[in-house]
Structures are given as structure tokens and as C-alpha cells.
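Topology and contacts: notes
Spelled out, the chains give:
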Amino acid sequence: SSGINAEWPLRPGVQAKKGRSPKPGAPKGTYLNGLQQKMATWYSNYNQFHRDKVENSQLGAFVPAMKNAFCGVRDGDKKNILIGSECQAELLDLYEETGKCGLEICYLIEMVEQKSILPFLKGLIEKKTDEDAFDYIEKEVVEPLMEHMCGCAVGLVSAFKDCNGNITKSDIFELAGAISVPELGGKTVKDFADDILNKIDFETIESVVRMLMEHLCGPNSDGRGKCYSYFYDTASTLMQWFAYSANQKLSGSILGIGDAPETCAKFDIGGFAELSEFIEIVNKVKSELCVKECKDVYEDVLMGCCMGNMVLDKELEGNITKLAKNFETVVHSLGMADFKMDEYIQYYDSTLELVRDPKCDNDVTFEIKECTGEEGSGSNDGKKTGGKGNKNKGGKKKGGGKKKGKGKK
């Protein structure tokens, strides 16, 4: 055991076992089976990839230095050649206070070293259905990672906010910082780094991370668990719907539709490819969503209270916009004066308005609201939502079933 906190995903302390590449578990011809075949090929080639790209590369030579720097937090080492003693002191304080935070980069390095991705990949390749695969990823990666970040993300950002002005006092900058680089406008590496760090709005970054963690880690009053589980369910459901809309054969059930027609999970994705203007895309999304027999499904899957927390938070919206403009300033300092964020901010605002109220041209209306602050009833078994008649239960339909209904118009 490496002593790594047990909640971290993929458990880096677990060594990968040698053996043949696992066989895909999903039925042949399905979308999942195709993905599993690609993963199996990557699995079988990983050892050679690891030797070429990690062990015998320039990166491989740098890994021990990174490990000594960031894993030293675990042993109370006050020196860090990469980020300096001030930032190392912040990470040490954070680790001493929490017993787990401050080692994230160390965990990632040890995951690479110990090939911890392989046992996870083996399990994923062997899953038989889409739902089993999504549940496995949630259990092995999403839940432990988010539980960790719920307790650590704000502390990490605060630590670097407090010490960022001292990063260029580290040994690595003492060695290379005095070098003048023509591509940097004649500035030294240290002066250039200081200029960039001084332009980054760490206060707003901390505010955005704090608000995001409050929303993601808060209870889902529509169903089970915390809101990060809702967003994962939504993302995985949409991913399967996208495959279904592309006429891919599913492995198992259609997620999220409950007793609604199967057409609620099928969209005209080819039609989107023909659009070039953002307003055209918005109108196309509205036409796909504003379907009476699918209203409850879309409201549950796409407009749950966790989504409401996010899109109705005007302070979060303002801070993200402020951060986008700060990013533009930083990019300008890198010499890209023509880079503008205005168009992307407009897309962001329009997307928020679309989720808040699609404003259907027919009599279909949607309601989005914030969570109450309490976790929902235990009726939810943790699967994807499926319409008002099956509120927050594992609403699903066999991929080959034929639900009667008018379908989309």
C-alpha cells in the first residue's frame, strides 16, 4: 500500500495485474461493444505505451522530480522545487488539517507510475450493458473523485491564491528564470511568469470554485444523493441518447424515458450539423425539446433542481462572465491580441436562458426550480430519471421494445 487516501478514484496503491487483454462484455454490433474493442486494444498496448511515453521519455525523467516535490507533502517535506516553499507550506497546512487534501498531483503521478488505469479498464471492458458501464464509472471514478473534491477543491484553490506570488521564487525558476527568451518579448522566464500570475484573478477563481462545489456537493431534493450524481446521470443519459440518435445499436435499455415513447430519446442530430448560426441551433434545440409527450422526461433529465441551482444562480453567472474576461486579458498578455471572449459569453448567456425557459412556440411549458436543501425520498434507486409518472426512478425501456405513441413532431 502507498498510503493514499482510500477515497481517491482508481486507488493508485493497487498494482495492475498482468494478463491478456479482457474480452468485450457487450453484445457484438452494439455501440458499447465498439468502444470496448478500442479500449481492449489500448489495454493490450498500454505497457509498451508506458515504456515509450513515460519510462523512456523526457517526461519519464521529469516524473521522479515531480513525485519528490508533490508527494513530499505526505512526509512533511517543506521544500518543493517546482512551486516553492510558500506554496508547499500551504499544501502542508491543508494536508495536516484534512488528512487528504494537498496530495492530488501526487496521486495522479502514482496512478501513472503504477498503471492503476488498467484494473479499471478491465472492469469497464467486461461490462455487458450501457447502464452497467455507466454505473461502474460512477462507482469507481465519479463518486470517489467528487467526494474528494467536495472536501478539497476550495481549500486547494485558496492555498494557491494565497501563495501564487511566491511560485517564481522556487528552485526551478532560480535555475531557469533568468533566461531571456526572444519569443517572450525579451522578458526573462521569471518576469514573464510573474506577469501572467499577476493578471490571473485568483479571487474570482476561488469564488467560482466555491459556488460550483456548493451546487455540485449539495443534496438533490429531486432524488438520491448529491447533485454531482444528478449531473453524471444527465450526462450519461444524453450520451446514450446521442448514440441512439445516430442509429447505433444499444446494449440493454434506453435510459431516462420511463413510459414515454422511445422517440423521446431520438434527435435529429444530422439537422444540427447543417446549421451554422447559433440562433439556428437554439431554435433547433427548442423544436426538439418542445414535444408534449416528452415534456416530463426532458424536465426530469435536463431541468432537475440541481440544474436549477446552477442556471438560476445570477452571482455564479456574473463570476463566470468575469472570469471569462479575465481569461481574455491573460491570453492577450501571451501575444494573442485578437482573441475575444465576447462571442463565447453570448453563447453562455443564451444557453442559460434556453435552459431556464425554452419558450416553446406551442403550448408546452417547462418548470425549473432550485433544490430545497434536503435530499429527496428514498424512492430513487440511483438510476436515470424517467418522467413524472416515474419520478426519479430508474425509468428505462428495452432498446428493442416498441412503445406505442405519436412520437415527435
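My aim in this report is to walk through the structure given alongside it, one point at a time. (Residues numbered from 1 in each chain as written. Predicted model: local features only at pLDDT ≥ 70, side-chain atom pairs only at ≥ 80, totals over all residues. Heavy atoms only, no water.)

1. A look at the state of the cysteines
Per the stated rule, a full pass over the model turns up 8 disulfides. Residue pairing for C71: its cysteine sulfur links by disulfide to C106, the two sulfurs lying 2.1 Å apart. Classification of the bridge connecting C71 and C106 rests on its S-S torsion, roughly 105°, and on that basis the disulfide is right-handed. Of this pair, C71 sits in the loop between α2 (58–70) and α3 (84–98) while C106 sits in helix α4 (residues 104–113), and the two are 35 residues apart along the sequence. Judged by relative accessible area, which is 7%, C71 ranks as buried. Linked covalently through their sulfurs, C264 and C294 form a disulfide whose S-S length is 2.1 Å. Measuring the twist about the S-S bond at about -85°, one finds the C264-C294 disulfide to be left-handed. With C264 in the loop between β1 (253–255) and α11 (269–273) and C294 in the loop between α12 (278–289) and α13 (295–302), the pair connects residues that are 30 residues apart, well separated along the chain. (Disulfide = S-S within 2.5 Å. Helix = DSSP H or I, 4+ residues; strand = E, 2+ residues; numbered from the N terminus. Buried < 20%, exposed > 50% of the residue type's maximum accessible area, 1.4 Å probe, protein only.)

2. Quick notes on the packing of helix α10 (residues 227–245) against α13
The interhelical angle for the contact between α10 and α13, taken along N-to-C directions, is 130°, at an axis separation of 9 Å. Taken together, the axes of α10 and α13 lie oblique to each other. In this structure, α10 contributes Y230, T234, T237, L238 and W241 to the contact, and α13 contributes V297, Y298, D300, V301 and L302. When the residues that make up the contact of α10 with α13 are grouped by side-chain class, the tally is 7 nonpolar, 2 polar and 1 charged. (Axes fitted to C-alpha atoms, helices over the stretch in contact; angles between N-to-C directions. Parallel < 35°, antiparallel > 145°, perpendicular 65-115°, else oblique. Contact = heavy atoms within 4.5 Å. Nonpolar A, V, L, I, M, F, W, Y, C, P; charged D, E, K, R; others polar.)

3. Regarding the side chain of K284
Locating K284 in the fold gives a position in helix α12. Residue class for K284 comes out buried when judged on its relative accessible area of 18%. A distance of 2.8 Å separates the side chain of K284 from the side chain of D268, its partner in a polar contact. Ignoring sequence-local partners within four residues, the contact set of K284 consists of D268, G271, F272 and L275. (Polar contact = N/O pair within 3.5 Å; in protein donor to acceptor, adjacent residues only side chain to side chain.)

4. Here's the deal with the nonpolar core
Core analysis: the biggest nonpolar cluster contains 72 residues, and M213, W241, I254, I257, V297, Y298 and F366 have the highest contact counts within it. The leading source of residues in this core is helix α6 (residues 130–163), at 10 residues. (Core = buried A, V, L, I, M, F, W, Y, C linked by side-chain atoms within 4.5 Å.)

5. Things to note about unusual backbone geometry
Even without being glycine, N247 reaches a positive phi, approximately 65°. Within the secondary structure layout, N247 lies in the loop between α10 and β1. By relative accessible area, N247 is classed as exposed at 63%. Here the phi dihedral of K359 falls at roughly 50°; this positive angle occurs in a residue that is not glycine. Position of K359 among the secondary structure elements: in the loop between α16 (342–356) and β2 (396–398).

6. Overview of the pattern of salt bridges
In the structure shown here, the tally under the stated rule is 22 salt bridges. The partner of E110 in a salt bridge is R74, with the nearest N and O atoms 3.5 Å apart. A residue pair is termed long-range when its members are at least 10 positions apart, and E110 in helix α4 and R74 in the loop between α2 and α3 qualify at 36 residues. We classify E110 as buried; its relative accessible area is 4%. What makes R74 partly exposed here is its relative accessible area of 22%. Note that E126 and K122 form a salt bridge whose closest N and O atoms lie 2.9 Å from each other. Here E126 falls in the partly exposed class, since its relative accessible area comes to 35%. (Salt bridge = Lys/Arg side-chain N within 4 Å of Asp/Glu carboxyl O.)

7. Focus: the packing of aromatic side chains
Going through the model one piece at a time under the given rule, you end up with 9 aromatic pairs. Between W42 and Y46, the ring centres sit 5.0 Å apart and the planes meet at 55°, which makes this aromatic pair tilted. Residue W42 and its partner Y46 are both found in helix α1 (residues 31–55); the two are separated by 4 residues, about one turn of the helix. When the centroid spacing of 5.8 Å and the interplanar angle of 85° are considered together, the rings of F327 and F339 count as edge-to-face. You can see F327 sitting in helix α15 (residues 314–333) and its partner F339 sitting in the loop between α15 and α16, a full 12 residues away along the chain. For F327, a relative accessible area of 46% puts it in the partly exposed group. (Phe/Tyr/Trp six-rings, centres within 6.5 Å; stacked < 30°, edge-to-face > 60°.)

8. Structural notes on the environment of E96
Tracing the chain through its elements places E96 in helix α3. For the pair E96 and R74, spaced 22 residues apart in sequence, the C-alpha to C-alpha distance is 9.0 Å.

9. A word on the environment of A65
Note that A65 resides in helix α2. Overall, A65 belongs to the partly exposed group, its relative accessible area being 26%. Taking C-alpha positions, A65 is 8.3 Å from I81, a pair spaced 16 residues apart along the chain.

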